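Each chain, written out:
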Amino acid sequence: MQDLKVTLIQTELYWESPIANLAMLEEKIAQIEEETDLIVLPEMFSTAFSMNTTLAEPMNLTTCKWMRQQAAQTKAVILGSVMIREGDKVFNRMIWMQPDGQFQTYDKRHLFRMGNEHSHYEGGNKRLIATLKGWKICPLICYDLRFPVWSRNVAQEYDVLIYVANWPAARVHPWKSLLVARAIENQSYVVGVNRVGKDGNDYAFSGDSAVLNFKGEYLFEKSNEEAIVTITLSKENLNTFRTQFPAYLDADKFEILD
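Residues numbered from 1 in each chain as written. Predicted model: local features only at pLDDT ≥ 70, side-chain atom pairs only at ≥ 80, totals over all residues. Heavy atoms only, no water.

Going by the annotation in an unreviewed UniProt entry, the name recorded for the protein chain is Amidohydrolase, with Flectobacillus longus given as the source organism.

Printed below as a string of structure tokens:
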């Protein structure tokens, strides 16, 4: 039962400027002071949360190649979402990039209607459960946090639930409350990585990136400033708690209708 080291990068983002963001994030990744297994970046880390889909790239172009390079150099998985174009469709796509260059993806299912995201992007219909050092990890994106059925940990499918976000400070109470709720109801570690600063639409972001354990207790939280932090998650503690309090055995059965 190996521990898992997860590094959160809470940062400001340059508006619609992939070159500037990749250069800035490369510097921050180089500042990580200890070995880590997984580096988590915010939602749309190369552009910020923009509806300007002319910035979307095909897979395996600049941003994907950058992620592959960073994963190889750090020997850690790099995780974050970017604009990706496939034919005439654009996705807010999570990329799980491994040090060996192999990758998996998840397309954001719940598109933020109030920001008109649903008019510019296609929604996904399949979750990703990735494996790392014997841990099962489910990465989701921002607005997905508000939908507990999609996030539900059915039959202990995952051990860690991760949300990357551009979640405005005006709605920080739901962000904090729902991260706690997702941890408790799913008996899982929860990691939330949000940005700070202001975007090109003048929305302010307070970060409030956090790591919570399977009881909904905070292991880390940081507000209103940039941060690079590595947190160690204990698989032994998780397994012990699930054995002693197996609420998941009484979970309701359900299916999601598309």
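### Topic: the sheet that holds strand β13 (residues 227-233)
Strand order in the open sheet formed by six strands is β5-β4-β3-β2-β1-β13, and the pairing between neighbours is mixed. Of all the strands in the sheet, the pair left with one neighbour each is β5 (103-107) and β13. Along the sheet, successive strands turn relative to each other by an average axial angle of 30°, direction set aside. Sheet analysis places strand β2 (residues 38-40) next to strand β3 (residues 77-86), joined by three bridges and oriented parallel. (Pairing = 2+ DSSP bridges. Helix = DSSP H or I, 4+ residues; strand = E, 2+ residues; numbered from the N terminus. Axes fitted to C-alpha atoms, helices over the stretch in contact; angles between N-to-C directions.)

### Structural notes on the pattern of salt bridges
Scanning the entire structure with this criterion turns up 14 salt bridges. Notably, a salt bridge pairs K28 with E226, separated by 3.0 Å at the nearest N-O pair. Residue K28 is found in helix α1 (residues 18-30), and its partner E226 is found in the loop between β12 (218-223) and β13; the two are separated by 198 residues along the sequence. With relative accessibility at 36%, the residue E226 sits in the partly exposed group. For D107, the salt bridge is made with R93, and the minimal N-O distance between the two is 2.6 Å. Of the two residues, D107 is situated in strand β5 and R93 in strand β4 (residues 89-97); the sequence distance between them amounts to 14 residues. This pair shows no difference in class: D107 is buried, exactly as R93 is. Connected through salt bridges with shared partners, the residues E43, K108 and E117 form a single ionic network. (Salt bridge = Lys/Arg side-chain N within 4 Å of Asp/Glu carboxyl O. Buried < 20%, exposed > 50% of the residue type's maximum accessible area, 1.4 Å probe, protein only.)

### Here's the deal with a nonpolar patch on the surface
Taken together, the side chains of V149, V154, F254 and I256 present a nonpolar region at the surface, about 320 Å² in accessible area. Within the secondary structure layout, V149 lies in helix α3 (residues 148-151). (Patch = residues over 30% accessible without salt bridge, like charges linked within 9 Å, V, L, I, M, F, W, Y side chains within 5 Å. Areas by Shrake-Rupley, 256 points an atom, 1.4 Å probe, with all protein chains shown as cover.)

### Observations regarding unusual backbone geometry
Positive phi outside glycine occurs at N60, with the angle close to 70°. Tracing the sequence through the fold places N60 in the loop between β2 and α2 (62-74). Overall, the relative accessible area of 37% leaves N60 in the partly exposed class. One non-glycine residue with positive phi stands out, namely Q187, at about 45°. Note on Q187: relative accessible area 5%, which makes it buried.

### Section: the pairing of strand β1 (residues 4-10)
Most of β1 is tucked away: six of the seven residues are buried. One ladder, built from seven bridges, connects β1 with β13; its direction is antiparallel. By the bridge assignment for β13, L4 is matched with L233. Between the parallel pair β1 and β2, the chain is carried across by α1, and the sense of this crossover is right-handed. (Right-handed = clockwise from strand over helix to strand, strands pointing away.)

### A short note on the nonpolar core
If you look at the biggest cluster of nonpolar residues, it comprises 47 residues, and the most contacted ones within it are L38, W96, I137, V160, I162 and L233. With six residues, strand β8 (residues 160-165) is the single largest residue contributor to this core. In this structure, I9, L13, M24 and M97 belong to the second largest nonpolar core, which totals 22 residues. (Core = buried A, V, L, I, M, F, W, Y, C linked by side-chain atoms within 4.5 Å.)

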